[in-house]
Structures are given as C-alpha cells and as structure tokens.
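Coordinate inspection notes
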Amino acid sequence: MCPQDWQRRIAMGNMMQDHIYEIWTNKIMTKYRKDLINGKRNNNPCTSCNAEGTILGINHAKKWAELYKLEDKSLII
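Each chain carries its own residue numbering, running from 1 in the direction its sequence is written. Confidence filtering applies because this is a predicted model: local features only for residues at pLDDT of at least 70, side-chain atom pairs given and counted only at 80 or more, and all residues used for totals across whole chains, interfaces and linings. Heavy atoms throughout the structure, all of them, feed into the side-chain values; hydrogens and water do not.

A word on the overall build of the protein
We apply this condition: Counting from the N terminus, the helices are DSSP H or I runs at least four residues long and the strands are E runs at least two residues long. Buried, partly exposed and exposed residues are distinguished by accessible area as a fraction of the type maximum, computed with a 1.4 Å probe on protein chains only: under 20%, between the cut-offs, and over 50%, respectively. Pairs of residues are marked as contacts when any of their non-hydrogen atoms sit within 4.5 Å. Surface accessibility follows the Shrake-Rupley procedure with a 1.4 Å probe radius. Residue values consider only the protein chains on display as shielding.
Secondary structure summary: the protein contains three helices and zero strands in total. Order of helices (α) and strands (β) in the protein, N terminus to C terminus: α-α-α. Out of the 77 residues in the protein, the part that is buried amounts to 25%. Of all intrachain contacts in the protein linking residues separated by at least 6 positions in sequence, the fraction that spans at least 24 positions is 41%. Entry remark: accessible area of the protein is about 6,200 Å², with carbon and sulfur atoms responsible for 56%.

Below you can see the structure in the form of structure tokens.
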C-alpha cells in the first residue's frame, strides 16, 4: 500500500489481475486516502507509522481533498 509498509501487511490489489486505476480507486484505497487526508491514522499499518508525509505528499493531499470535496481543508498541513 505504502512505501513505509515494509512488511507488506496491507494488500490493496493484484497488479497481475487488476488495472492500476481499479486498484487506486477501489474502496480500500479510497478509505485509506480519505482517512490520511483527514489526519486519521486509525487503521493498520498507519497506526504505528512515524512517516509524516508532508514533505512530498502535501500537494497530492490538497488535490485529493479537492477531488473528495472535503469540507475542512484546515486538517491538511
């Protein structure tokens, strides 16, 4: 799921069976993306992650927030 998930605890899809777009937009990925955009790390492996994600991810988070039409964009650093 994430480059910080070294133990590969969470699988979001199978690249050999599904198109990358289908994996990227499936329910599981969408849930994780929305939670992380809102600062929620209540699902594994995010609960034990110490990666902040704001150095390179802030611009992506803003765009996803726009796409999901999140009301409270102040949650995005």
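Continuing now.
Quick notes on the environment of Q7
The residue Q7 is located in the segment before α1 (20–24) in this model. Taking C-alpha positions, Q7 is 9.3 Å from P45, a pair spaced 38 residues apart along the chain.

A word on helix α2 (residues 27–37)
The set of residues buried in α2 consists of M29, T30, Y32, R33, D35 and I37. One or two residues past the end of α2 sits G39, with phi positive at roughly 80 degrees.

Some words on the pattern of salt bridges
Going by this rule: For this document, the term salt bridge refers to a Lys or Arg side-chain nitrogen within 4 Å of an Asp or Glu carboxyl oxygen.
Within the structure shown, the criterion is met by one salt bridge. The salt bridge involving D35 is made with K31; its shortest N-O contact spans 3.0 Å. Note that D35 and K31 are positioned in helix α2 at a spacing of four residues, about one turn of the helix. Given the relative accessible area of 42%, K31 is considered partly exposed.

Re a nonpolar patch on the surface
The condition is simple: Here the term patch refers to residues with relative accessible area over 30% and no salt bridge, with like charges joined within 9 Å and nonpolar side chains (Val, Leu, Ile, Met, Phe, Trp, Tyr) within 5 Å.
Taken together, the side chains of M15, I20 and Y21 make up a nonpolar region of the molecular surface, amounting to roughly 360 Å² of accessible area. In this structure, M15 sits in the segment before α1. For M15, a relative accessible area of 54% puts it in the exposed group.

Quick word on the packing of aromatic side chains
Let me state the cut-off plainly: Aromatic rings from Phe, Tyr and Trp, taking only the six-membered ring of Trp, are treated as a pair when their centres fall within 6.5 Å; an angle between ring planes under 30 degrees marks them as stacked, one over 60 as edge-to-face, and anything in between as tilted. Two conditions define a charge sitting above a ring: the NZ of Lys or the CZ of Arg must be within 6 Å of the ring centre, and it must be within 35 degrees of the ring normal.
By the definition in use, this model includes zero aromatic pairs. Taking NZ or CZ as reference, R33 lies 4.4 Å from the ring centre of W24, over its face.

Brief notes about the confidence of the model for the protein
The criterion, for reference: Confidence scores per residue from the predictor, reported as pLDDT, run from 0 to 100.
Taken residue by residue, the protein gives an average pLDDT of 77. The fraction at 70 or more is 79%. Within the protein, α1 carries the highest mean pLDDT (90), whereas helix α3 (residues 54–67) carries the lowest (71).

Focus: the side chain of T30
Threshold: Whenever a nitrogen or oxygen atom comes within 3.5 Å of another N or O atom, the pair is scored as a polar contact, on the condition that within protein one atom can donate a hydrogen and the other can accept it, and that pairs from neighbouring residues in sequence are kept only if both atoms are in side chains.
Here T30 lies in helix α2. A polar side-chain atom of T30 sits 2.9 Å from the main-chain carbonyl oxygen of N26. Excluding anything up to four places from it in sequence, T30 contacts T25 and Y68.

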